[in-house]
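In case you want the letters, here they are:
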Amino acid sequence: MQNITEELKKLLENAVKAVADELDKDIPEGFIVRIERPRQAGHGDWATNIAMQLSKPFSMNPRELAEAIISKLPIGDVVASAEVAGPGFMNFTLASSWITETVKTAIEKGADYGRVDKGAGRRIQIEFVSANPTGPLHMGHGRGAAVGDITANILSFAGWDVEREYYINDAGLQMELLGKSAQARYFEAIGRAAEAPMPEDGYHGEYMSDIAKTYVEKYGTSLADKPLEETLEFFSAETGKVVIGMIRKDLEDFGVKFDSWFSERSLYENNCIEPAMEALKARDYAFEKDGALWFRSTMFGDDKDRVLIRANGVPTYFTSDVAYLKNKYDRNFEKLIYVWGADHHGYVPRIKSVNKAFGYPDDAIDVLLIQMVNLLRDGKPVQMSKRAGTIITLREIMDEVGVDATRFFFVMRRCDSTLDFDLELAKKASSENPVFYVQYAHARICSIYRELAERGIAMPAMDEMDVSLLTDPSETNLAKAVSRLPEEVAKAADEFAPHRLAYYATELAEAFHSFYNSQRVLGVEENVMKSRILLMESARIALSNVLKLLGVSAPEKM
């Protein structure tokens, strides 16, 4: 079955062409039929404003044009009725047979229901989290992890060949500071704190003391017998490895697995810097001045050109980003997505200008900015963590409310809007809690199946469905909700918007709960029961699939 929305679009395209031929008018170049769900109940299943868009090129009043388009539309198999509303909107009510087609498609496709082919197998890389390996992940990193991972799930389901990458910032001054912080805690642990004081801007969380204790257990006081500068590299490198191990464990427990962990240091070890600089020079976007190498960022609207290589030969932080961008394309990715904290917003134009300077398409790179999370308990701000110093860790949130609630809550709002995360709400086993509400819909269906099995009632065959028996609004609304999954996946993939699926999951659950509360499945006439069981199974499949995309479990019992 072709997607019902695509069938309707095709019918409208044909109707527009027929009107254009009659009027001897040209359809504007680039014109496409767009349809949307009406905002108000009672306005049909779909609406479009194409008559208003075409009014001028067709030299016709929008309402009259809408009537003309509707007159060319076949009424029957797909569209049951069509009407003009307001200044020229067209509202369509679909034929009842589409319910059968929706249910049939969902059941036939099962775990693949909702898949679309927007990506057509093209390679896309999404780089996310990429927190400095200097401490545990905080809740902001957690939101970025959820957004990145769920976006990757959606893109894969939408036909892209997806790679998840974590960029390890292990070549900057922060690694030296990490080493000095570990050194200080080590000396503190052996009772010689005065010999290696903690840097003022060091890493003060309890995790540093825990790491230092492992060094004491393994090396005793031997690390204190050498000059501080001699052991600094050891403390930096080893502590970095320990922290990356902590980060990797937290992410895996959060349901996030990366295909690649890319070290910033490897850019220098594998000689990726010089070819990137030469490529910019060849395109005249890099120049030498006062012994330094500069990027012509003023050509892209920046207030000043930026240094790439200092006069003393030391690269800037920006240099790594330039080389890393080129490296991604060298690995044959057609599309790049960066997931950054909102504090990096000023850096977005710079990375896009580098992309343009290399000659890559503007639309080949997208940056998702993650706004801050306000952690609340019963509506009041939560105090800072003692364990991590000044932050609330992702581990603390996972341990308190569970992975499912944490992932779901992190994508309940657009990633570029601030999120209020109420810990007590996330733990509630009630309909107030969005993730419980969605999971409970799936569990309810499974409980009905258990009851059917106890009564010896098998899953009906599709040809036992009689759509004429499903006339209650709760039934048609549930079918409509199920039918939306492919279009929601497509939109979420196009917009890199995982929050769309959290919204959809909630609306699908709402449609099911409404159906459950108003329609009996057991104890009704057999043909009605069979038709409702099949409708319910299509809803279970849609719920299961959207929860899987969100990385949230679909429990059979709650």
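A quick note: this is a predicted structure, and the numbers were derived from the prediction, not measured.

Chemist: Can you break down helix H10 (residues 273–282) residue by residue, with the values?
Modeler: All of the buried residues along H10 are Ile273, Ala276, Met277 and Leu280. Down the axis of H10, the buried side of the element spans an arc of 100 degrees, and every buried residue falls inside it. Looking at the buried positions of H10, the neighbouring elements they touch are helix H9 (264–269), strand S7 (286–289), strand S8 (292–295), strand S9 (306–309), helix H11 (317–330) and helix H12 (348–357). Remark: Asp284 follows H10 within two positions and exhibits a positive phi of approximately 65 degrees.

Chemist: Summarise the layout of surface pockets; cite the residues concerned and give the values.
Modeler: Quantified by volume, the largest pocket comes out at close to 1200 Å³. Lining the largest pocket are 42 residues, with Ala131, His138, His141, Asp343 and His344 sitting closest to its centre. Those elements that place two or more of their residues in the lining of the largest pocket are helix H5 (139–157), H11 and strand S10 (335–341). Across the lining of the largest pocket, the residue classes break down as 22 nonpolar, 17 polar and 3 charged. In this structure, the second largest pocket occupies an estimated 680 Å³ of space.

Chemist: Talk me through H12; I want residue IDs and the actual numbers.
Modeler: Of all the 10 residues making up H12, 7 are buried; the element is thus mostly covered by neighbouring parts of the structure. Of the residues making up H12, those classed as buried are Val348, Arg350, Ile351, Ser353, Val354, Asn355 and Ala357. Where H12 is buried, its residues contact H10, S8, S9, H11, S10 and strand S11 (365–370). Within two residues after H12, Gly359 carries a phi angle of roughly 90 degrees, on the positive side.

Chemist: Outline the sheet that holds strand S1 (residues 46–48), listing residues and values.
Modeler: Taken in spatial order, the 3 strands of this open sheet run S1-S3-S2, and their pairing is antiparallel. Looking at strand neighbours, the two that pair on one side only are S1 and strand S2 (79–85), the edges of this open sheet. With direction set aside, neighbouring strand axes in the sheet form an average angle of 20 degrees. As paired elements, S2 and strand S3 (residues 89–94) share 6 bridges and run antiparallel to each other. Along S3, the bridge assignment pairs Val84 with Met90. Across the sheet, helix H1 (residues 4–23) is in contact with S1, S2 and S3; its angle to S3 comes to roughly 130 degrees.

Chemist: Kindly report on the packing of aromatic side chains, identifying the contributing residues and their values.
Modeler: For any pair of aromatic rings, geometry is given as the distance between the ring centres together with the angle between the planes. Considering all chains together, one arrives at 28 aromatic pairs under this definition. Between Tyr186 and Phe187, the aromatic rings sit 5.7 Å apart at their centres with planes inclined by 90 degrees, giving edge-to-face as the arrangement. This pair shows no difference in class: Tyr186 is buried, exactly as Phe187 is. One aromatic cluster in this structure is built from Tyr285, Phe295, Phe300, Phe318, Tyr338, Trp340 and Tyr347. Seen from the ring of Trp294, Lys289 lies directly overhead, with NZ or CZ sitting 5.6 Å from the centre.

Chemist: Can you lay out the sheet that holds S10 for me, pointing to particular residues and giving the numbers?
Modeler: Spatial strand order, S6-S5-S4-S10-S11: 5 strands in an open sheet with parallel pairing. Each of the sheet's edge strands pairs with one partner strand only, and the pair in question is strand S6 (260–263) and S11. Averaged over all adjacent pairs, the angle separating strand axes in this sheet is 25 degrees, with direction ignored. Pairing analysis gives 4 bridges linking strand S5 (residues 161–168) to S6, with the strands arranged parallel. Looking at the pairing, Glu165 lines up with Ser260 of S6.

Chemist: Can you tell me about the environment of Ala20, naming the residues and giving the values?
Modeler: Within the secondary structure, Ala20 is located in helix H1. Distance in space between the C-alpha atoms of Ala20 and Ile69 is 9.5 Å, their sequence separation being 49 residues.

Chemist: If you had to explain the pairing of S11 to someone new, which residues and values would you point to?
Modeler: Across 6 bridges, S10 lies against S11 in parallel orientation. For Ile337, the partnering residue across the bridge sits in S11 and is Asp366.

Chemist: So, the pattern of salt bridges: which residues are in play, and what are the values?
Modeler: The full count for this structure, using the stated rule, is 44 salt bridges. We note a salt bridge from Lys72 to Glu22, for which the minimum N-O separation is 2.3 Å. One end of the pair, Lys72, is in the loop between helix H3 (62–71) and S2; the other, Glu22, is in helix H1, with 50 residues separating them in the sequence. Judged by its relative accessible area of 32%, Lys72 falls in the partly exposed class. On the basis of relative accessible area, Glu22 is assigned to the exposed category, the value being 59%.

Chemist: Quick rundown of the nonpolar core? Include the residues and the values.
Modeler: In this structure, Ile69, Phe410 and Phe421 are the most contacted members of the largest nonpolar core, which totals 143 residues. Counting residues per element, this core draws most heavily on helix H20 (residues 526–549), at 12 residues. Setting aside its immediate chain neighbours within four residues, Phe421 contacts Val373, Asn374, Leu375, Leu376, Ile397, Val401, Ala405, Thr406, Phe409, Phe410 and Ala426. Counting 32 residues, the second largest nonpolar core, distinct from the first, contains Tyr167, Ala276, Met277 and Leu308.

Chemist: Describe in detail the side chain of Thr48, supporting the description with residues and values.
Modeler: Tracing the backbone through its elements, the reader meets Thr48 in strand S1. Looking at Thr48, its side chain comes within polar contact range of the main-chain nitrogen of Ile50, at 3.3 Å. Excluding its chain neighbours within four sequence positions, the residues that come into contact with Thr48 are Leu12, Arg34, Ile35, Gly88, Phe89, Met90 and Phe92.

Chemist: Give a detailed account of the environment of Ser130, specifying residues and quantitative values.
Modeler: Mapped onto the secondary structure, Ser130 falls in the loop between strand S4 (123–127) and H5. Under the relative-accessibility criterion, Ser130 is labelled buried at 12%. In this structure, the C-alpha to C-alpha distance between Ser130 and Glu165, residues 35 residues apart in sequence, is 8.3 Å. Not counting the four nearest positions on each side in its chain, Ser130 is found in contact with Glu165, Tyr166, Tyr167 and Asn169.

Chemist: Which residues make up the packing of helix H13 (residues 394–401) against helix H14 (residues 403–410), and what are the values?
Modeler: Two elements in contact, H13 and H14, have axes separated by 7 Å at closest approach and are oriented at 120 degrees. On the basis of their axis angle, the class for H13 and H14 is oblique. On H14, the residues touching Leu394, Ile397, Met398 and Val401 of H13 are Val403, Ala405, Thr406 and Phe410. Taken together, the residues that form the contact of H13 with H14 break down as 7 nonpolar, 1 polar and no charged.

Chemist: Go over the pairing of S10 with me, naming the residues and quoting the values.
Modeler: Here S10 lies mainly inside the structure; 6 of its 7 residues are buried. Of the pairings in the sheet, the one linking S4 to S10 comprises 4 bridges and is parallel in character. If you follow Ile126 over to S10, its bridge partner there is Ile337. Between S10 and its parallel partner S11, the chain crosses via H12, and the hand of that crossover is right-handed.

Conventions adopted
Residues numbered from 1 in each chain as written. Predicted model: local features only at pLDDT ≥ 70, side-chain atom pairs only at ≥ 80, totals over all residues. Heavy atoms only, no water. Buried < 20%, exposed > 50% of the residue type's maximum accessible area, 1.4 Å probe, protein only. Helix = DSSP H or I, 4+ residues; strand = E, 2+ residues; numbered from the N terminus. Arc of directions from axis to C-beta. Contact = heavy atoms within 4.5 Å. 1 Å grid on protein atoms, 1.4 Å probe; cavity = no way out; pocket = protein on both sides within 12 Å on 5 of 7 lines; lining within 4 Å. Points joined across faces, edges and corners; volume = space filled by probe spheres on them. Nonpolar A, V, L, I, M, F, W, Y, C, P; charged D, E, K, R; others polar. Pairing = 2+ DSSP bridges. Axes fitted to C-alpha atoms, helices over the stretch in contact; angles between N-to-C directions. Phe/Tyr/Trp six-rings, centres within 6.5 Å; stacked < 30°, edge-to-face > 60°. Lys NZ or Arg CZ within 6 Å of the ring centre and 35° of its normal. Salt bridge = Lys/Arg side-chain N within 4 Å of Asp/Glu carboxyl O. Core = buried A, V, L, I, M, F, W, Y, C linked by side-chain atoms within 4.5 Å. Polar contact = N/O pair within 3.5 Å; in protein donor to acceptor, adjacent residues only side chain to side chain. Parallel < 35°, antiparallel > 145°, perpendicular 65-115°, else oblique. Right-handed = clockwise from strand over helix to strand, strands pointing away.

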